[in-house]
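# Reading the structure
The primary structure of each chain is shown beneath.
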Amino acid sequence: MIETKSYPSRADRYLQNHLHPLVIFLLFGTALIRVAAFMSLPFLAFYLTSTFHFNSFQTGVVIGMSGLGGAIGGIIGGGLSDLFGRRRILNLTMIGWTSIFFMYLFASEYVHFIVLSFLHGLFRSFFDPISQACMSDLTSEEKRLQVFSYRYVALNVGMVTGPMLGAYLFHWLGIQTFAVAGAIFALYSVMLRSRLSRYRHRLNKPPAERRAHLVNCLRVITRDRALGYYILGGTLFFMVYSQMESNLPIYLSNEIPDGSKIYPILLVINAGLVILMQRLISKWSEKKHPLSSIVLGSCLYTLGFYCFSVNENPFMFIAGMSFLTFGEMFIFPVTNQLTDQLADERYRGAYYGAANFAQLGLCVGPILGGWLLKQFDGLTMWNITAVISILILWFYAMGYRKYTFRRQVAVVDIVYRVLLDLKLVFVVKVVLKLIPFAVFSGIIWHLLRKSP
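Below is a summary of the structure that appears in this document. (Residues numbered from 1 in each chain as written. Predicted model: local features only at pLDDT ≥ 70, side-chain atom pairs only at ≥ 80, totals over all residues. Heavy atoms only, no water.)

### A closer look at the overall build of the chain
Rule in force here: Helix and strand definitions follow DSSP, with helices as H or I runs of at least four residues and strands as E runs of at least two, each counted in order from the N terminus. Note on classification: 1.4 Å probe, protein chains only; a residue is buried when its accessible area is under 20% of the maximum for its type, exposed when over 50%, partly exposed between these limits. Only heavy atoms enter the contact rule, under which two residues are in contact if any of them lie within 4.5 Å.
Summing up its helical and strand segments, the chain has 19 helices and zero strands in all. Burial status across the chain gives 49% buried among its 452 residues. Counted over contacts in the chain with a minimum sequence separation of 6, partners at least 24 positions apart contribute 85%.

Below you can see the structure in the form of structure tokens.
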């Protein structure tokens, strides 16, 4: 019997070398809806204090509810997408998230804003892991880090463009800016529904024998110790990351002469470096071990926060923000890659959702940093933050060790690969060779001191 070879179709050959159209559309949507969110939500604090005269604590609680909703909502949305399919849950998420922005127009009580802020974080935590799971489903493994890097750039495009538009719109429209944001969300929701329907054959609900029930999802992820370490590492990352948006502007305005003028410059440097340099760093990371990026990123984070504590020279803050931005670019996309390695195909949404629990750091970080700044001083706060930045590496390393232990990978092999990536093998060899000499020299010096 003559065997016939099956050749990939033209569409399959195209997708081997290019990103899936739906992945590109999700990346575009990530940037677009972040523009809409950041042109309205950052001005909510000003609206609450000026119009409703809420105090700083009440306003902080409202803003913090978004982080709380984001922390606990991811696992629910991701698990539901594994159970009922990405397409259905993603459509429902966009409907709910769009409605939130229009509801802000009618909110008038303190509890209204608390609930809306919580729901905003909840729906955001639905969209992020489900869209990430969709991108992962439609992308080959070797291209996923590239996609995660593009997504990170898209987030930063929204963070740069949104506030600039919002500053203008909120000046003229006030709270009606939320209606403009809601309209953008509604437009994208309609477009996304059409695209999801067009590619529904790639995003159908999984068959019954492969369907992941929510109870099974919870059982799997709660027993995965590697994921637990990743979540703890991610929580610390978001804790220190949140200082740049919460306590850094407070410290600059209260402690540094003309600090309020420095902060916008730092934000421009942060976003500009991400947009310009992320692709180059991603190319480097794609060829290296994931822990190599975590090591480099944690060290850069520590160095960046240390620069903030050195002196009040504006150039030290510019240098610190540059180090932090590069550290952020090394860490952020790779954390998604590490989570993706853990996830079984059936539980991919649940894993991304569980990893989203690390956003609890966005809620804890500003509170902890604010307490340190109030009880001690900026020097103490930045030094403690620098120490926490190093702990990020420890938790991710422990998580990766748990992951590789199941695959019987030796720790020595991992350490050697990281040292090789960071060009430190030669340095370690020299240090190891110098240890006997140093020990011998120490003994001789000690004996000479004791001799009469």
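### Concerning the nonpolar core
For clarity, the cut-off: For our purposes a nonpolar core is just a set of buried Ala, Val, Leu, Ile, Met, Phe, Trp, Tyr and Cys residues, chained together by side-chain atoms within 4.5 Å.
With 62 residues, the main nonpolar core has Leu-248, Tyr-301, Phe-305 and Phe-317 as its most contacted residues. A per-element tally of this core places helix H10 (residues 225-241) first, with eleven residues. Once residues within four sequence positions are removed from consideration, Leu-248 is found in contact with Gln-243, Tyr-263, Leu-266, Phe-308, Phe-317, Met-321 and Trp-382.

### Concerning a nonpolar patch on the surface
To keep it simple, the criterion reads: Note on patches: the residues involved have over 30% relative accessible area and no salt bridge, like charges join within 9 Å, and the nonpolar side chains Val, Leu, Ile, Met, Phe, Trp and Tyr join within 5 Å. The Shrake-Rupley method, run with a 1.4 Å probe sphere, supplies the accessible areas, and residue values consider only the shown protein chains as cover. Put simply, a salt bridge is a Lys or Arg side-chain nitrogen that is within 4 Å of an Asp or Glu carboxyl oxygen.
A surface patch of nonpolar side chains, amounting to about 1,000 Å² of accessible area, comprises Leu-424, Phe-426, Val-427, Val-430, Val-431, Leu-432, Leu-434, Ile-435, Phe-437, Val-439 and Ile-443. Within the secondary structure layout, Leu-424 lies in the loop between helix H18 (411-421) and helix H19 (425-450).

### Here we look at helix H13 (residues 290-310)
Stated formally: How far a helix is expected to stretch is found by multiplying one less than its residue total by 1.5 Å.
Over its 21 residues, H13 extends 31 Å from the first C-alpha to the last, a length consistent with the 30 Å expected when each residue adds 1.5 Å. In terms of residue burial, H13 counts as a mostly covered element, since 16 of its 21 residues are buried.

### Details of helix H8 (residues 177-198)
Quick note on the threshold: The arc in question is traced by the directions running from the helix axis to the C-beta atoms.
Taking 1.5 Å of rise per residue, the 22 residues of H8 would be expected to cover 32 Å, and the 32 Å separating its terminal C-alpha atoms lies within 8% of that figure. Looking only at H8, the buried set comprises Thr-177, Phe-178, Ala-181, Gly-182, Phe-185, Tyr-188, Ser-189, Leu-192 and Leu-196. End-on, the buried residues of H8 take up no more than an arc of 130 degrees, which puts them together on one face. In H8, the exposed positions angled more than 90 degrees off the buried face are occupied by Leu-187, Val-190 and Arg-198.

### Examining empty space enclosed by the protein
Note the following rule: Using a grid of 1 Å spacing that covers the protein atoms alone, one calls a set of points a cavity when a 1.4 Å probe fits there but cannot get out, and a pocket when the set is open and has protein on both sides within 12 Å along at least five of seven lines; lining residues are those with an atom within 4 Å of a point. Grid points are joined across faces, edges and corners, and a volume is the space filled by probe spheres set on the points. Following the grouping adopted for this structure description, the nonpolar residues are Ala, Val, Leu, Ile, Met, Phe, Trp, Tyr, Cys and Pro, the charged ones are Asp, Glu, Lys and Arg, and the polar ones are all others, Gly among them.
Scanning the model with the defined rule gives one cavity of 30 Å³ or more in all. Here the largest cavity is characterised by a volume of approximately 70 Å³. Contributing to the lining of the largest cavity are Met-239, Val-240, Gln-243, Gly-365, Leu-368, Gly-369, Leu-372, Ile-384, Thr-385 and Ile-388. For the lining of the largest cavity, the elements supplying multiple residues, two or more each, are H10, helix H16 (360-375) and helix H17 (378-405). In terms of residue count, H16 provides more of the lining of the largest cavity than any other element does, four residues in total. Looking at the lining of the largest cavity residue by residue, the class counts come to six nonpolar, four polar and no charged.

Bear in mind that shape data such as this cannot, by itself, settle questions of function.
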